[in-house]
Amino acid sequence: MPATEPLSHDDLDALIVRLRLGVDASELHGSLCGYLAGGATPQGGNLLAALQLDGEEVAPSPADQAKLVALLKQCRDALADPELGFEPLLPDDDRPLAERAEAVAEWCRGFLGGFGLAGTDAHAQLSDDAQEVLRDFGTIAAASFDFGDAAEDEDALIEVQEFLRVGALLLYTESAGRGQSGSDRLH
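Residues numbered from 1 in each chain as written. Predicted model: local features only at pLDDT ≥ 70, side-chain atom pairs only at ≥ 80, totals over all residues. Heavy atoms only, no water.

Glancing now at the confidence of the model for the protein chain. Put simply, the protein chain has an average pLDDT of 84, and 87% of its residues get 70 or more. Looking at the elements of the protein chain, mean pLDDT is at its lowest for helix 6 (residues 121-124), recorded as 68, and at its highest for helix 7 (residues 128-141), recorded as 94. A low-confidence stretch, residues 179-187 (pLDDT under 50), is modelled with eleven contacts involving residues beyond four sequence positions or located in other chains. (pLDDT = per-residue confidence, 0-100. Helix = DSSP H or I, 4+ residues; strand = E, 2+ residues; numbered from the N terminus. Contact = heavy atoms within 4.5 Å.)

Structure follows, in structure tokens:
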């Protein structure tokens, strides 16, 4: 896989299975995004230790470690993208609606956990809007879904995904973005 090609949801899911992490791809992506949005940076690139994901004592192979480093760079670059190109990593649109809705909730749970791991400095200076985003992420993370009209449900899920995208960018800008410099970035 070329280094420039971003990891897909399925790629990340396969990596998680190999490493026996006990989370799904959306939750791991959410955790990493929350951690970065909170202003934290994994020291030494040890992403699993930073996110407190040890798995079942399966050490990543050099190829899998490279994928973890690529994921870190992918998330950091997307959150810092001046074109606002960040997207939560969720299952493709051809997957069943219920699976995608659950992935949205898992992404929110991961984001909140990762943001919490970033430390209290991230929370201390948040605007009222950013605090409301965190509360809303918590509501989504705890939601159970009832499905009715397929078209309406699809539209609602798209709106929630856009809210996650914009909310994560707001939190990143308020917490991590103001303190970032080019020298902090992975190369």
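From this point, the discussion proceeds with the structure in view.
Let's shift gears to the state of the cysteines. Enumeration according to the criterion identifies zero disulfides in this entry. Its sulfur unpaired, C75 is 4.0 Å from the next cysteine sulfur, which belongs to C33. (Disulfide = S-S within 2.5 Å.)

Here the focus is the nonpolar core. Residues L28, W107, F111 and L171 are the most contacted members of the largest nonpolar core, which totals 50 residues. Among the secondary structure elements, those contributing two or more residues to this core are helix 1 (9-19), helix 2 (25-37), helix 3 (47-50), helix 4 (62-80), helix 5 (97-117), helix 7 and helix 8 (150-175). Considering every element that reaches this core, the biggest residue donor is helix 5, with eight residues. With sequence-adjacent residues up to four places away left out, L28 is seen in contact with L12, I16, L21, V23, L51, L53 and L71. (Core = buried A, V, L, I, M, F, W, Y, C linked by side-chain atoms within 4.5 Å. Buried < 20%, exposed > 50% of the residue type's maximum accessible area, 1.4 Å probe, protein only.)

As a further point, take the side chain of H9. Following the sequence through the fold, H9 ends up in helix 1. Ignoring sequence-local partners within four residues, the contact set of H9 consists of A25, S26, L89, L90 and P91.

Going through the model one piece at a time under the given rule, you end up with nine salt bridges. Put simply, D10 and R95 hold a salt bridge, and the shortest N to O gap is 3.2 Å. Here D10, found in helix 1, pairs with R95, found in the loop between helix 4 and helix 5; they are 85 residues apart in sequence, far enough to count as distant. Take D10: its relative accessible area is 40%, and that puts it in the partly exposed class. When its relative accessible area of 27% is taken as the criterion, R95 is described as partly exposed. Measuring nitrogen to oxygen at the nearest pair gives 2.8 Å for the salt bridge that ties D64 to R18. With D64 in helix 4 and R18 in helix 1, this residue pair connects regions lying 46 residues apart in the sequence. R18 gets classed as partly exposed once you look at its relative accessible area, which sits at 37%. (Salt bridge = Lys/Arg side-chain N within 4 Å of Asp/Glu carboxyl O.)

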